[in-house]
Amino acid sequence: MKKIGIMTWFTYNNYGTLLQVYALSEIIKSYNYNVEIINYKPKVHKKNLFDMNLNYIFNQIKEKQYSKKNYDREKNIRNRFDDFRKTYLNISDEVKNYYQLQTISNNMHKIVCGSDQIWSPTFFDPHYYLDFVKDNSKIIAYAPSFGVNRIDNEELKKDIKKLLNRFENISVREEQGRIIVNELVDKPTKVVLDPTLLLDKNEWVNKLNIEQKVNNKYLFCYFLSNKKEYVKIAREMSKTLGLDIKVLSSTTIINSFEKNSIIFSIKSTKEGSVRMKSKSK
């Protein structure tokens, strides 16, 4: 059976990150391929540290301080994410540099980069453009995201242009991503679905053996940042719709909600099921 490699983010304890790589893996396996997630941890190049805004740096510091104060809870969440990875993803041995990546790619039929914001100029890493693959015919881009509306750094644009030119066809996750690509290279570019949307509800429920415990309707909120306006909007919509709030988040924004509104982390059990459990009052 031919092996397909996936080069994407999967080490972050972020629900979208983890579920997109799982979904893409499942879709590729459905075409009778052996799938392996390339175990490479993302690196931020020094020249891009200056592209990070102060709000991002402040939030990172705030998150670390929160993690120290809530060590047991954070450890529990990390363990659950790790358990999910071990249960549902086929991950290669760790590779740390260009030459190790090149070696592992030589034994693969194709390598797919995507999805998630792996093409973000803020976190630019040429390995996520598959620079380590010798044979251009082996590289595929499925739904990567830039995570921005434009790229202002001219030096970075030249680097990205060179990397994009190696792809025969390119697909991205957002229309703005297509515009960015087409401004840099003359390549056919399509906007496609995020991998999580390639699996329907029944596939998610059956594949992960999801146990649905909440019977009443509710307003589900998922946050990736700690913006106060999110809390205000959620409460206004909750009042307007007459629905209780259920919030899932890996950020400190959950401290703005009552404990019985917080849905705890996904928990991967030994039997391979996933439960969504609300925290008790």
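Counting starts from 1 at the beginning of each chain's written sequence and moves along it residue by residue. Reporting of local features is limited, given that this is a predicted model, to residues whose pLDDT is at least 70; pairs of side-chain atoms are given and counted only at 80 or more, and all residues count toward the totals for whole chains, interfaces and linings. The basis for every side-chain value is the complete set of heavy atoms in the structure, and neither hydrogens nor water enter the calculation.

Run through the pattern of salt bridges, naming residues and quoting values.
Salt bridges are defined by distance alone: a side-chain nitrogen of Lys or Arg within 4 Å of a carboxyl oxygen of Asp or Glu. The tally for this structure, following the rule as stated, stands at 10 salt bridges. The closest approach of N and O atoms between K41 and E94, which form a salt bridge, is 3.6 Å. With K41 in the loop between β2 (34-39) and α2 (54-69) and E94 in strand β3 (residues 91-94), this residue pair connects regions lying 53 residues apart in the sequence. For the exposure calls, accessible area comes from a 1.4 Å probe over protein chains only, and a residue counts as buried if that area is under 20% of its type's maximum, exposed if over 50%, partly exposed in between. For K41, a relative accessible area of 38% gives the class partly exposed. Ionic contacts of the salt-bridge type, sharing partners, join the residues E26, K29 and K207 into one network. Every helix listed is a DSSP run of H or I at least four residues long, and every strand listed is a run of E at least two residues long, numbered separately from the N terminus.

Tell me what's going on with helix α8 (residues 228-241), and back it up with residues and numbers.
Structurally, the α-helix is built with 3.6 residues per turn, so residues lying three or four positions apart point the same way. Between its terminal C-alpha atoms α8 stretches 20 Å, which fits the 20 Å expected from 14 residues at 1.5 Å a residue. When we look at burial in α8, the residues that qualify are V231, A234 and S238. Along α8, the residues classed as buried sweep out an arc of 65 degrees about the axis, all on the same side. Residues of α8 that are exposed and point more than 90 degrees away from the buried face comprise K228, K232, K239 and T240. In the segment just after α8, G242 is the residue with positive phi, at about 70 degrees. Expected helix span is computed as 1.5 Å times (number of residues minus one). Think of the arc as the fan of directions from the helix axis to the C-beta atoms.

Account for helix α4 (residues 98-106), with residues named and values stated.
Taken together, the buried positions of α4 are L101, Q102, I104 and S105. Projection of α4 onto a plane perpendicular to its axis shows the buried side chains occupying an angular sector of 170 degrees, all on one side. Contact partners of the buried residues in α4: β1 (3-7), β2, β3 and β4 (110-113). Contacts between residues were defined by any pair of non-hydrogen atoms, one from each residue, lying within 4.5 Å.

As far as function goes, none of this settles anything; it's purely spatial.
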